[in-house]
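# Structural overview for review
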Amino acid sequence: MTTRPWRAAALLAPAAITAAALTVPAASASAATPSWQLTNEFASRPVCFTTAGGTSDLAIDLNGSWSTPINIGASGLVAGISVAGTTLIDFYYGTDGTDTGSYTTPPIPAGWSNGTGPVRVVPQPDPASYTLDAEGYVDVKAAAGLPANSSFNITLWANDGTTKQTETVPVTIMSSCKRHY
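Residues numbered from 1 in each chain as written. Predicted model: local features only at pLDDT ≥ 70, side-chain atom pairs only at ≥ 80, totals over all residues. Heavy atoms only, no water.

## Observations concerning the sheet that holds strand 5 (residues 71-75)
Each strand in a sheet pairs with another by means of backbone hydrogen bonds, the pair being arranged parallel or else antiparallel. Strand order in this open sheet of four strands is 2-12-11-5, and the pairing throughout is mixed. Looking at strand neighbours, the two that pair on one side only are strand 2 (47-50) and strand 5, the edges of this open sheet. Within the sheet, the average angular offset between the axes of one strand and its neighbour, ignoring direction, is 30°. With four bridges joining them, strand 2 and strand 12 (residues 164-174) adopt parallel strand pairing. Pairing of V47 across the sheet is with V171, part of strand 12. (Pairing = 2+ DSSP bridges. Helix = DSSP H or I, 4+ residues; strand = E, 2+ residues; numbered from the N terminus. Axes fitted to C-alpha atoms, helices over the stretch in contact; angles between N-to-C directions.)

## Observations concerning the confidence of the model for the protein chain
Residues with a pLDDT of 70 or more make up 80% of the protein chain, whose mean pLDDT is 83. Mean pLDDT values for the elements of the protein chain range from 35 in helix 1 (residues 3-31) up to 97 in strand 5. With pLDDT under 50 throughout, residues 1-31 is counted as low confidence; its partners more than four residues away or in other chains account for zero contacts. (pLDDT = per-residue confidence, 0-100. Contact = heavy atoms within 4.5 Å.)

Here it is, written out as structure tokens:
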């Protein structure tokens, strides 16, 4: 009679181990969920280049908050499309009413954003004198001579060192492009 509980334990132990193993990935997956999202602002508005070529600075908009810098870039580029660089614009809003800006290079510093505009840098370098916001851009260049009425997708990405998020950007080549502002 003493062997029956041991048999039950021997039969149930693998099920318990399997159940425990199945719950671990779910717990770690939720812990690894980033507190920021790359906002897909280009889904409803393709980027347009003319057959004459040119450069377009594509904004990297983030929603949420993060404590480590975020690197940015582009991939999935077709022939005739390249990354001319990445730009970070720092906006200084002086407490004395003066506003200035400067151009540097990414990464996007630690901070937070609502997904539609600049990042509020955290911590602020000198909150007694100014507020600092930043905005990141991937500078995409199209060569002259790409065929009119063609279209393709490129991928913008943001990476905090742990998580890489991407957005698909539709691109069209036209004889002329309408401005979006």
